[in-house]
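Coordinate inspection notes
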Amino acid sequence: MLNKFLDFIILSLVFSASLLAASFPQRIASGTVGTDENLLKLLKGEEQRIVALSTFADNSKYSFVTEIPKSVKARVGDNIESLLVVNPDLVILASYSAPEIAQQLKSAKVNVQIQKSFGGIKDIEDNIVELGRLIGKEKEA
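Parameters at a glance
- Residues numbered from 1 in each chain as written.
- Predicted model: local features only at pLDDT ≥ 70, side-chain atom pairs only at ≥ 80, totals over all residues.
- Heavy atoms only, no water.
- Helix = DSSP H or I, 4+ residues; strand = E, 2+ residues; numbered from the N terminus.
- Contact = heavy atoms within 4.5 Å.
- Buried < 20%, exposed > 50% of the residue type's maximum accessible area, 1.4 Å probe, protein only.
- Salt bridge = Lys/Arg side-chain N within 4 Å of Asp/Glu carboxyl O.
- Pairing = 2+ DSSP bridges.
- Axes fitted to C-alpha atoms, helices over the stretch in contact; angles between N-to-C directions.

So, the environment of Ser54
Mapped onto the elements, Ser54 comes out in strand E2 (residues 50-54). With 21 residues separating them along the chain, Ser54 and Val33 place their C-alpha atoms 5.9 Å apart. Contacts of Ser54, omitting those with residues within four sequence positions, involve Ser30, Gly31, Thr32, Val33, Asp36, Arg75 and Val76.

Structure follows, in structure tokens:
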């Protein structure tokens with residue numbers, strides 16, 4: 001009887017963990033170079049959750065990304081179609097991104113999060129913590 005009870009507890013915990021993981025976005029698109037860098041660090045080993053990076057991700061003049069996983073093929077910029085075609089369940093933009101893009105994505109029922117402050121180290125830290133919360137990587141953030 002005790003073994004059945006322990007099996008039930010273990011199964012319940014596994015099921016709860018899988019439900020929790022599924023509640024976080026599984027198709028994330030980054031519209032900014034800073035988010036590109038942070039997502040790749042936070043989702044190390046889970047890069048398949050990233051469906052697109054910004055058009056600057058590959059440009060060493062702007063980006064510190066040294067290696068982009070082959071699974072992340074799409075690049076997005078100011079083109080709404082390039083974002084919609086990858087079918088994201090979360091798009092991260094910045095306050096300096098074109099506001100029309102965020103509005104069009106929201107109209108298409110896409111979850112859009114806008115990082116607003118970039119005035120200093122504290123703002124950047126806050127953005128990383130917020131990103132971690134959004135994608136289920138609070139501890140890593």
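Thoughts on unusual backbone geometry
In this structure, Asn87 is a non-glycine residue whose phi angle is positive, near 50 degrees. Looking at the element boundaries, Asn87 is found in the loop between helix H3 (80-84) and strand E4 (90-94). On the basis of relative accessible area, Asn87 is assigned to the exposed category, the value being 53%. In the Ramachandran plot, Lys109 falls in the positive-phi region, its phi being about 65 degrees despite a non-glycine side chain. The topology assignment puts Lys109 in the loop between helix H4 (99-107) and strand E5 (112-115). The exposed category is assigned to Lys109, whose relative accessible area is 74%.

Notes on the pattern of salt bridges
For the structure on display, the rule yields six salt bridges. The salt bridge partner of Arg49 is Glu46, with a shortest N-O separation of 3.1 Å. Of the residues examined, Arg49 reaches a relative accessible area of 4% and is grouped as buried. Lys137 is paired through a salt bridge with Glu46; the nearest N and O atoms lie 2.3 Å apart. In this pair, Lys137 sits in the segment after helix H5 (121-135) while Glu46 sits in the loop between helix H2 (33-42) and E2, placing the two residues 91 residues apart along the sequence. Classification of Glu46 by relative accessible area gives partly exposed; the value is 23%.

Regarding the sheet that holds strand E1 (residues 28-30)
In spatial order, the strands read E3-E2-E1-E4-E5; together these five strands make up an open sheet with parallel pairing. Whereas interior strands pair on both sides, the edge strands pair on one side only; in this sheet they are strand E3 (74-76) and E5. If you compare each strand with its neighbour and ignore which way they point, the axes differ by 25 degrees on average. Sheet topology places E2 next to E3; three bridges connect them, and they run parallel. The residue bridging Ser54 from the neighbouring strand is Val76, located in E3.

Quick look at the pairing of E4
Most of E4 is tucked away, with five of its five residues classed as buried. A two-sided burial pattern is seen for E4, the buried positions comprising Leu90, Ile92 and Ala94 on one face and Val91 and Leu93 on the other. Summarising the sheet, E1 and E4 pair through three bridges and their orientation is parallel. Residue pairing across strands places Ile28 opposite Leu90, the latter belonging to E4. Taken together, the four bridges between E4 and E5 define a ladder with parallel strand orientation. Within E5, the position partnered with Leu93 by the bridge is Ile114.

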